[in-house]
Amino acid sequence: MPPSLTITHLYPDHLNLYGDTGNLIVLRRRCQWMGIDCIVKVLSMGEVAQAGQSDLYFMGGGQDTDQVAVVADFHQLKYDAIRADTEAGVPFLGVCGGYQLMGHTFLMGNGEETRGLGIINVSTRAPGTEVKQRCIGNLIAEINPTTYADMQTMYATPREIPRTLVGFENHSGQTYLGEGVEPLAKTIAGFGNNAAAAYEGARYKNVFGSYMHGSLLPKNPHFADYLIGLALRRQQPDATLPALADTEELAAHSYAVQRYSQK
Ligand code: GLN
């Protein structure tokens, strides 16, 4: 019987900025190519999350108002199950607004503070005087060495995978990592978490936040495989993945790195 993964897509009708749903298309298609059965289920407003029913979560980006719209629903109907799952190691990818919401607070440009979900120890606040503009543009970052080394173990046969992630960012919020959270990557070009432009994204257990839209995964197949591998290894600890050709994906990735690597 082929392995099977259930991916839960949170709030696609509220949090799906800049084609973030493309990440689900990539995950589902790569599972198919690798002979892994994959079901994508949606959890929208008013729907209750059940712990132990999901192998991977995804939450995309949104306008400030979209983020505020989902917070009460998340705390009332989804928090307990998703908190339990992520503490148990279920992978979760949040992009931009989805990333910000996963933290403790999100202080918006109008001064309104939203209580985040507290899934990961980060906080986000509207730009201070040091930021004259939104953080917008192409974003290139070098993957955290620990995560990169673990990514390489996912393949049945060793393969050369990019040390970088590439994407596009557009956010006003400035995110700061707290105790127990490590950066996903070191910024090479663009901003990333905040105007200091030092680091991009975050990782806590198998919870990942990133500011990369694009969507993120089509040009970063190694990250897509990593999420799939982490989910699979909760069922089968020694699971490995076949290496897909990824010719177009990696060509697009290296083009972006070459073209946008100047800060
Ligand atoms: N509304 C948030 C901000 O502007 C996130 C935007 C997004 O998801 N691209 O920072």
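Attention here is on the structure that accompanies the text.

Here is what the cut-offs are and how they apply
Residues numbered from 1 in each chain as written. Predicted model: local features only at pLDDT ≥ 70, side-chain atom pairs only at ≥ 80, totals over all residues. Heavy atoms only, no water. Pairing = 2+ DSSP bridges. Helix = DSSP H or I, 4+ residues; strand = E, 2+ residues; numbered from the N terminus. Axes fitted to C-alpha atoms, helices over the stretch in contact; angles between N-to-C directions. Salt bridge = Lys/Arg side-chain N within 4 Å of Asp/Glu carboxyl O. Buried < 20%, exposed > 50% of the residue type's maximum accessible area, 1.4 Å probe, protein only.

### Observations regarding the sheet that holds strand β10 (residues 174–177)
With mixed pairing, four strands are arranged side by side in an open sheet as β6-β5-β7-β10. Among the strands making up the open sheet, the edge pair consists of β6 (113–115) and β10. Strand after strand, the sheet turns through a mean of 15° between neighbouring axes, direction not considered. In the sheet, strand β7 (residues 122–125) pairs with β10 via four bridges, with the strands oriented antiparallel. Among the inter-strand pairings, T124 is bridged to a residue of β10, identified as T175.

### Some points on the pattern of salt bridges
In this structure the tally under the stated criterion is six salt bridges. Among the salt bridges present, the one from R83 reaches E87, with a minimum N-O distance of 3.8 Å. With R83 and E87 both in helix α2 (residues 64–87) and four residues apart, this pair spans about one turn of that helix. Of the charged contacts in the structure, one is a salt bridge between D246 and R159, with a shortest N-O distance of 3.6 Å. With D246 in the loop between α5 (221–233) and α6 (247–260) and R159 in the loop between α4 (145–152) and β9 (164–171), this pair connects stretches of sequence that are 87 residues apart. Considered together, D246 and R159 belong to a single accessibility category, that of buried residues. Residues joined in a network through salt bridges with shared partners are R30, R159, D225 and D246.

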